[in-house]
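Here are the chains, one letter per residue:
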Amino acid sequence: MPESVEVVNVVGSGNLGRELDLDAVLQDIAENSSIENVNRTSQGITVRFSGETGTISLYRSGKYTIMGSDSVEGLHRTNESFLEILIEYGIIDGKNGHSVSVTNYVYSVDLDRDINVTQLDIWLGEEAEYEPEQFPYIVYHPSDINCTMTISASGKCVINTSVGEEAVNRVISKLKQQLDELQM
């Protein structure tokens, strides 16, 4: 991957396979020493572990998301810590069948150049949206790669994708080629 690309967030989801009494779960796990923060929200419970990247949102349905991990490995570590706590308090019987699946990656990229966003918007055509009065960035949806890019005039870019590193490399190469053609 090019040097300027950085993973800033890996999001995953899982399912415990049963409905939960969230108030009882909150009461059970709130005092656990490995948990840095646990809160009840209107939709569920948020849990953050000490020393782990990632925050878990747990819902009554038993489904959960983990966001804020800086790697796939960090996502899986957070999931393991979460499942171990649930087993410890008898909320689930074991880890079998309770894996987490990566659903989204967020990358940050520095294109190492200033961008004339008005010119780039015209060049990208219908694949791009640019409303400078509302949002000072181009929102680019390449038709051949499943991702959304937000591109600033400073050359900073954020890429959201569900397909990972390979797609990021392709979309960056394609964008840089287009920028070279525009002499930007």
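Now for a quick tour of the structure. (Residues numbered from 1 in each chain as written. Predicted model: local features only at pLDDT ≥ 70, side-chain atom pairs only at ≥ 80, totals over all residues. Heavy atoms only, no water.)

Considerations on the overall build of the chain
Scanning the chain from N- to C-terminus turns up 4 helices and 10 strands. Reading the helices (α) and strands (β) of the chain from amino to carboxyl end gives β-α-β-β-β-β-α-β-α-β-β-β-β-α. Relative to the globule expectation of 16 Å for 184 residues, the C-alpha radius of gyration of the chain, 20 Å, shows a markedly less compact shape. Across its three principal directions, the C-alpha atoms of the chain cover 60 × 35 × 25 Å. In the chain, which comprises 184 residues, the proportion classed as buried is 43%. (Helix = DSSP H or I, 4+ residues; strand = E, 2+ residues; numbered from the N terminus. Rg over C-alpha atoms; globule rule 2.2 N^0.38 Å. Buried < 20%, exposed > 50% of the residue type's maximum accessible area, 1.4 Å probe, protein only.)

Observations regarding the environment of Ser13
Of note, Ser13 is situated in strand S1 (residues 5-15). It is 4.3 Å that separates the C-alpha atoms of Ser13 and Thr65, two residues lying 52 residues apart in sequence.

Here's the deal with helix H1 (residues 22-29)
Here H1 has its buried residues at Leu22, Val25, Leu26 and Ile29. For H1, the buried positions fall inside an angular range of 100° around the axis, keeping them on one side. Looking at the buried side of H1, the elements it contacts are strand S2 (35-40), strand S3 (44-49), strand S4 (55-59) and helix H2 (72-88). Structurally, the start of H1 carries an N-cap: the backbone nitrogen of Asp23 is 3.2 Å from a side-chain oxygen of Asp21. (Arc of directions from axis to C-beta. Contact = heavy atoms within 4.5 Å. Polar contact = N/O pair within 3.5 Å; in protein donor to acceptor, adjacent residues only side chain to side chain.)

Re the packing of aromatic side chains
Applying the stated criterion across every chain yields a total of 3 aromatic pairs. Plain terms: the ring middles of Tyr105 and Tyr107 are 6.0 Å apart, the flat faces sit at 25° to each other, and that makes the pair stacked. For the residue pair Tyr105 and Tyr107, the accessibility class agrees, reading buried in each case. (Phe/Tyr/Trp six-rings, centres within 6.5 Å; stacked < 30°, edge-to-face > 60°.)

Structural notes on the environment of Gln43
Mapping Gln43 onto the fold places it in the loop between S2 and S3. Separated by 16 residues in sequence, Gln43 and Tyr59 place their C-alpha atoms 6.5 Å apart. Contact partners of Gln43, with chain neighbours within four places excluded, come to Leu22 and Tyr59. There is a polar contact of 3.1 Å between the side chain of Gln43 and the side chain of Ser42.

Some words on helix H3 (residues 117-124)
Note on helix geometry: an α-helix contains 3.6 residues per turn, so any two residues three or four positions apart are oriented the same way. The complete set of buried residues in H3 reads Val117, Leu120, Asp121 and Leu124. For H3, the angular spread of the buried residues around the axis is 105°, confining them to a single face. Tucked into the core, H3 has its buried residues touching strand S7 (128-131), strand S8 (135-140), strand S9 (147-151) and helix H4 (165-181). Just past H3, the residue Gly125 takes up positive phi, approximately 65°.

Side note on the pattern of salt bridges
Considering all chains together, one arrives at 7 salt bridges under this definition. Here Asp23 makes a salt bridge to Arg40, at a shortest N to O gap of 3.0 Å. Taken as a pair, Asp23 in helix H1 and Arg40 in strand S2 lie far apart in primary sequence, 17 residues in all. Judged by its relative accessible area of 48%, Asp23 falls in the partly exposed class. With relative accessibility at 39%, the residue Arg40 sits in the partly exposed group. (Salt bridge = Lys/Arg side-chain N within 4 Å of Asp/Glu carboxyl O.)

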